[in-house]
Structures are given as C-alpha cells and as structure tokens.
Amino acid sequence: MWVQKDAGSAIGFSDQDYIDAGAKIVVDVKDIFANAEMIIKVKEPQESECKMLRKGQILYTYLHLAPDPKQTHLLLQSAASCIAYETITDNQNTLPLLAPMSEVAGRMAVRAGAHYLEKSHGGSGTLLGGVPWWLHSGKVLIIGAGVVGTNSAKMALGLGAEVTILDKSLARLRQLDDIFSGRLKTVYSTTEAIDKYSAEADLVVGAVLIPGASAPKLLTKKHIANMKEGSVVVDVAIDQGGCFETSKATTHQDPTYIIDGVVHYRCGKYAAGGSSPDCHYRFK
C-alpha cells in the first residue's frame, strides 16, 4: 500500500501513522499512479491525474460526472475502472457513502445561508431566529426532503426559523411531519408551490438529487427575480449540475455573487458537500 506524503496531515494522521499500519510513504503522486492497482481518493481526479490512469486500474472516489463532461471524457480515455462513491447502493437501495457528505452539506447550507443574510455580506439583515415580540423569524424554503433537506431542516428549526420543505414523496413528507412533530411545513412540490414559497423565503436551499443524472433546474431565473432583495440561495445540488438556473461555480476566496439582488453562496464543486442521497424528488 502506497500513501502520498502528508495525505492525512489535515485530519490529524501523520505519515508515521500510515507507516505503522504497513504503508509506504511516497513523495511523488506519479509513483502511486504508476504502481498501484487500485487508487483511493476523495475529490474527483484532476486532469493531470486522469491522464496518469491506465487500463486495468481501479479508481474509487467521488466523481459527480453529470456536470463535468471533460472529466467523463478523460476517464473514458483512460480505460480504467472508475467507481463513484456517490452511486454505490446498499441492500436498502440507499447511498451509504454519500449520506455522511449529505449530512454535513445540509447543516453547512443553513449555516452559510444565515451568515450571508447579514447586511455586511450583501444580505437583507434577516435574523433567522427572529427576536420575541418585535422581529419575525426568517423563512427558509428547502427543495428536496432527502438527507440534505432533512439536515437543513434540523439546523434551520434549531435557529428558530420558519421552515417549509417541498418534495414529491407523500410518504417522505408524512415521515418528516412525524419526526419534527409538525414544527415545519411539509408541502407537495409543484411549480405553483415553488412560485409561492420562493417569493416569501429569506433563504432557499436546493437539496435535489436524481441519482446518475443532472439535477433539474427547479428554481428559475424568474423565481430569482421575484425573490426578496437580500435573500440568499444555497444550491447543494451543484455537484449534479445544480437545481437553480442561476447557479455557477465559484471559489472559496470569492464564494458569492449577486443576481437580481439575491445572494448566491459558493455554488461550486463541494461548496457544502454532496447532494442528497435519498431525496424522493422527481421532476416532471
């Protein structure tokens, strides 16, 4: 087993930890690609790494190919066997390797949204939790009731926001109504529902996933134009192309942009983790 030097340093694992477990530390990543039969990563391979792959090798990592035709083409050229964590299913037909990323993503989405609602970051100055007797709670719309959506709802309710969640699975909506004891509004997702609740929202979280396909553009440019000045949108579905028509990639150094007065937060690969692995949303 070969491990790239300092591969685990950011999460508290030293090179010595890997050596003690029987690994060989390699300085140049090219040596790993040249010798390993199986390569395990977290982030999708960069162009230079795709070009080092060869026929017969196995690659395990998050790929999110739907919005990335260039990576898809390079992987096909390599003739390696590339397995995406986000598509692996278990006996219950869920996506166990994507679920932890989705839990993090859902929680971070609301945290980021609350931050960028502040006036100093271009937001409306809305406090999601409100203040008793004089300041109403902020309104949060979550599109998709899977793992991302559920964790976003937990965070938003914890902050004291007024939460509405949309999905096309009545069974899932009933389940969430039971889990949260009626503390959030569950609504069957239609075009009319998105029209109504996005126009009222201070924060919209996109948590839609159609496994193996690009996410549908459910929040359109027209919806964005009709939203309140200084509201915020966070598109967690961006790894599958995004479910907002106005979503685009950004950087950590410059994570937001504004369209029609609406702040768009860090809509780019791994902006807030992966997309929801069991969202029952289906676009028609």
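Details of the structure are given in the entry above.
Per chain, the residues get numbers from 1 upward, laid out in the order the sequence is written. For a predicted model such as this one, the threshold for reporting local features is a pLDDT of at least 70, and the threshold for listing and counting side-chain atom pairs is 80 or more; totals across whole chains, interfaces and linings nevertheless cover every residue. Calculation of side-chain values draws on the structure's entire complement of heavy atoms; hydrogens and water are dropped beforehand.

S.K.: Now, about the packing of aromatic side chains: what can you tell me, with residues and values included?
M.R.: Only centres within 6.5 Å qualify two rings of Phe, Tyr or Trp (six-membered ring in Trp) as a pair; their planes then separate them into stacked at under 30 degrees, edge-to-face at over 60, and tilted for everything else. One pass over the full model with this rule turns up 3 aromatic pairs. Relative to tyrosine 18, the ring of phenylalanine 13 lies with its centre 6.4 Å away and its plane at 50°, an arrangement referred to as tilted. Categorising residues by exposure relies on relative accessible area from a 1.4 Å probe, with only protein chains included: less than 20% of the type maximum marks a residue as buried, more than 50% marks it as exposed, and the intermediate range marks it as partly exposed. Here phenylalanine 13 falls in the partly exposed class, since its relative accessible area comes to 44%. Between the aromatic rings of tyrosine 62 and tyrosine 85, the centroid separation amounts to 4.8 Å while the plane-to-plane angle is 80°, which identifies the pairing as edge-to-face. In this pair, tyrosine 62 sits in the loop between strand 4 (58–61) and helix 4 (69–78) while tyrosine 85 sits in the loop between strand 5 (81–84) and helix 5 (99–116), placing the two residues 23 residues apart along the sequence. Taken as a pair, tyrosine 62 and tyrosine 85 share a single burial class, namely buried. Directly above the ring of tyrosine 197 sits lysine 196, whose terminal nitrogen or CZ lies 5.3 Å from the centroid. The criterion is that NZ of a Lys, or CZ of an Arg, lies within 6 Å of the ring centre and within 35 degrees of the ring normal, and then a charge sits over that ring. Sitting above the plane of the tyrosine 257 ring, lysine 248 keeps its charged end 4.6 Å from the centroid. Secondary structure elements follow DSSP: runs of H or I of four or more residues count as helices, runs of E of two or more count as strands, with numbering from the N terminus.

S.K.: Explain the environment of valine 29 to me, using residue names and the numbers behind them.
M.R.: Tracing the chain through its elements places valine 29 in helix 2 (residues 29–35). Placed 27 residues apart in sequence, valine 29 and tryptophan 2 show a C-alpha to C-alpha distance of 9.5 Å. Contacts between residues were defined by any pair of non-hydrogen atoms, one from each residue, lying within 4.5 Å. Leaving out residues up to four positions away in the same chain, valine 29 has contacts with Gln4 and Met52.

S.K.: Outline the pairing of strand 5, listing residues and values.
M.R.: Taken together, the 4 bridges between strand 4 and strand 5 define a ladder with parallel strand orientation. Looking at the pairing, threonine 61 lines up with alanine 84 of strand 5. Pairing between two strands requires that DSSP report at least two bridges joining them.

S.K.: With reference to specific residues and values, describe the packing of helix 5 against helix 6 (residues 147–158).
M.R.: One can describe the packing of helix 5 onto helix 6 by two numbers: an axis separation of 7 Å at closest approach and a directional angle of 40°. In this structure, the crossing between helix 5 and helix 6 has a hand that is right-handed. The residues of helix 6 that touch helix 5, namely those facing Ala99, Ser102, Glu103, Ala105, Gly106, Arg107, Ala109 and Val110, are Val147, Val148, Asn151, Ser152, Lys154, Met155 and Ala156. A class-by-class count of the residues in the contact of helix 5 with helix 6 yields 8 nonpolar, 4 polar and 3 charged. Note on geometry: axes are lines fitted to C-alpha atoms, helical ones only across the stretch in contact, with angles between N-to-C directions running from 0 to 180 degrees. Handedness of each helix crossing follows the sense of rotation of the near helix against the far helix: counterclockwise by less than a right angle gives left-handed, clockwise gives right-handed. By the convention adopted, Pro, Cys, Tyr, Trp, Phe, Met, Ile, Leu, Val and Ala count as nonpolar, Lys, Arg, Asp and Glu as charged, and the other residues, Gly among them, as polar.

S.K.: Residue-level account of the pattern of salt bridges, with values.
M.R.: Side-chain pairing between opposite charges can occur once the charged atoms of the two side chains come close. Basic side-chain nitrogens of Lys or Arg form a salt bridge, by our definition, when they fall within 4 Å of a carboxyl oxygen of Asp or Glu. Within this structure, the stated rule accounts for 7 salt bridges. In this structure, the salt-bridge partner of lysine 51 is glutamate 47, at a minimum N-O distance of 3.2 Å. You can call lysine 51 exposed: its relative accessible area is 57%. A relative accessible area of 34% places glutamate 47 in the partly exposed class. Ionic pairing is found between lysine 228 and aspartate 202, a salt bridge with its closest N-O pair at 2.8 Å. Taken as a pair, lysine 228 in the loop between helix 9 (221–226) and strand 10 (232–235) and aspartate 202 in the loop between helix 8 (191–200) and strand 9 (203–206) lie far apart in primary sequence, 26 residues in all. Residues joined in a network through salt bridges with shared partners are Glu47, Lys51 and Lys70.

S.K.: Residue-level account of helix 6, with values.
M.R.: For helix 6, built from 12 residues, the straight-helix expectation of 16 Å at 1.5 Å per residue is met to within 8% by its first-to-last C-alpha distance of 16 Å. Most of helix 6 sits out of view: 9 of its 12 residues are buried. Along helix 6, the residues classified as buried are Val147, Val148, Gly149, Thr150, Asn151, Ser152, Ala153, Ala156 and Leu157. Where helix 6 ends, the next residue or the one after it, glycine 160, has phi of about 95°, a positive value. A helix is expected to span 1.5 Å for every residue after the first.

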